[in-house]
Amino acid sequence: MRKRKSRRKTGCPRPTAAPEGNWLTRAPTLKRKAILLAKIQDEAGHGLYLYSAAETLGVSRNQMVADLLNGKAKYSSIFNYPATTWADIGAIGWLVDGAAIMNQIPLCRCSYGPYSRAMIRICKEESFHQRQGFDILVTLCNGTDEQKAMAQDALNRWWWPSLMMFGPGDKDSKHSAQSMAWKIKRFSNDELRQKFIDVTVPQAEFLGLKVPDDDLEFDESTGHYRHGEIDWQEFVDVLAGNGPCNRQRMAKRRKAHDDGAWVREAARAYAEKHAAKDAA
Ligand SMILES: [Fe+2]
Ligand SMILES: [Fe+2]
């Protein structure tokens, strides 16, 4: 009983649920389940490519994993929001993977080889993720009133966190100047956010959904959408560990790591046995 109460207070529906994992067993059809499973597999791969790229800078993977688990390493703020309905899986693919593509396409041509090469494959896979999300929403929006309302509710909850994925506004972004100088970053946070809004608003219109921003307006003179104020306090709070699911998601991550200890041990023992055999 107490648990349920605190869950409601934090807005995180389940103490342990990661967004896609939570819906994998609840996917509405076998086909949707297979597609979601493929997406999850891709995402695990993205983690591995990026850890490999980071290892070339001289940090060990064990160190990076330890930093993540003890809260030292940062991860994207978006992973701290709950996925409460099946429509969220659609909205996450459409908006979160969509925003990731916007960020990552320019990185395919950044100045650091290991990073740019990893990004080329990641972007191909992200575009499939974006399509799977949009396809879920197309289906819901052509369904019953209740399904369409579910899609609208998911858009309402994911729109602003997706815009925050591009990071703080240019004038408040601490690391941008350095990353631009090194040609790691090729477009500013605000430029990428604007591009994302410009391509995504017409997609929302196609779905017949309303973007939850009363100040959103197409500016004929610039050819871009003007948007309302982003609640940066929310962004700061989520980054500081106070998002709706921060604690639950980190606890889940640590538990998965602990539960998997025997697999790592077995793999190590197997590798050592073979190394000894080869040496003999
Ligand atoms: Fe990814
Ligand atoms: Fe993705």
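What counts as what
Residues numbered from 1 in each chain as written. Chains lettered and ligands numbered in written order. Predicted model: local features only at pLDDT ≥ 70, side-chain atom pairs only at ≥ 80, totals over all residues. Heavy atoms only, no water. Donors = N, O, S within 2.8 Å, 3.2 Å for Na, K, Ca; no water. Tetrahedral: all angles 85-135°; square planar, octahedral: opposite > 155°, others 65-115°. Helix = DSSP H or I, 4+ residues; strand = E, 2+ residues; numbered from the N terminus. Buried < 20%, exposed > 50% of the residue type's maximum accessible area, 1.4 Å probe, protein only. Salt bridge = Lys/Arg side-chain N within 4 Å of Asp/Glu carboxyl O. Core = buried A, V, L, I, M, F, W, Y, C linked by side-chain atoms within 4.5 Å. Contact = heavy atoms within 4.5 Å. Phe/Tyr/Trp six-rings, centres within 6.5 Å; stacked < 30°, edge-to-face > 60°. Lys NZ or Arg CZ within 6 Å of the ring centre and 35° of its normal.

(A) Layout of the coordination of the iron ion (ligand 2). Looking at the iron ion (ligand 2), one finds its protein donor set to be E43 (OE), D97 (OD), E126 (OE) and H129 (ND1), positioned 1.9 to 2.2 Å from the metal centre. Of note is the iron ion (ligand 2), whose four donor atoms meet at the metal with angles of 90 to 156 degrees in an arrangement that counts as irregular. Read from N- to C-terminus, the donor residues coordinating the iron ion (ligand 2) fall into the pattern E-x53-D-x28-E-x2-H. The distance between the iron ion (ligand 2) and the iron ion (ligand 1) comes to 3.3 Å, and E43 binds to both of them. Note that D97 is positioned in helix α5 (residues 86-104) and E126 in helix α6 (residues 113-141), a separation of 29 residues in sequence. By relative accessible area, D97 is classed as buried at 5%. Among the residues examined, E126 registers a relative accessible area of 3% and is labelled buried.

(B) Seen up close, the coordination of the iron ion (ligand 1). Taken together, the protein ligands of the iron ion (ligand 1) are E43 (OE), H46 (ND1) and E126 (OE), with distances of 1.9 to 2.2 Å. Counting gaps between the donor residues of the iron ion (ligand 1) yields the pattern E-x2-H-x79-E.

(C) Quick peek at the pattern of salt bridges. For the coordinates displayed, the defined rule picks out 14 salt bridges. D88 is paired through a salt bridge with R157; the nearest N and O atoms lie 2.7 Å apart. Of this pair, D88 sits in helix α5 while R157 sits in helix α7 (residues 145-164), placing them 69 residues apart in sequence. Note on D88: relative accessible area 0%, which makes it buried. On the accessibility criterion, R157 (28% relative accessible area) is partly exposed. The closest approach of N and O atoms between R121 and E125, which form a salt bridge, is 3.3 Å. With R121 and E125 both in helix α6 and four residues apart, the pair spans about one turn of that helix. Here the residues in one salt-bridge network are E20, K39 and D97, joined through shared partners.

(D) Broad picture of the nonpolar core. By size, the foremost hydrophobic cluster in this structure holds 45 residues, and its most contacted members are W86, W94, L95, W158, W159 and F196. At the level of elements, α2 (19-24), α5, α6, α7, α9 (189-207) and α10 (232-242) are the ones that each hand at least two residues to this core. Here F196 is in contact with L95, G98, A99, M102, W159, S162, L163 and F166, once residues within four sequence places are set aside. Of all hydrophobic cores here, the second largest spans six residues; its members include L107, C110, I122 and C123.

(E) Molecular detail of unusual backbone geometry. The phi angle at K183 is positive, at roughly 60 degrees, despite the residue not being glycine. Mapped onto the elements of the fold, K183 is located in the loop between α8 (176-181) and α9.

(F) Region of interest: the packing of aromatic side chains. By the definition in use, this model includes seven aromatic pairs. Ring plane angle 25 degrees and centroid distance 6.2 Å describe the contact between W159 and F196, whose orientation is recorded as stacked. Placement of the pair is W159 in helix α7 and F196 in helix α9, with a sequence separation of 37 residues. Accessibility expressed as a relative area gives 0% for W159, which makes it buried. Aromatic side chains F166 and F196 sit 5.4 Å apart centroid to centroid with 45 degrees between the ring planes, which places their arrangement in the tilted category. With F166 in the loop between α7 and α8 and F196 in helix α9, this residue pair connects regions lying 30 residues apart in the sequence. As far as burial versus exposure is concerned, F166 and F196 are alike and both buried. Ring pairs connect the aromatic residues W94, F134 and F206, which therefore count as one cluster. Its end group placed over the ring of W23, R26 keeps NZ or CZ at 5.9 Å from the ring centre. Cation over ring: K195 sits above F187, and NZ or CZ is 4.2 Å from the ring centre.

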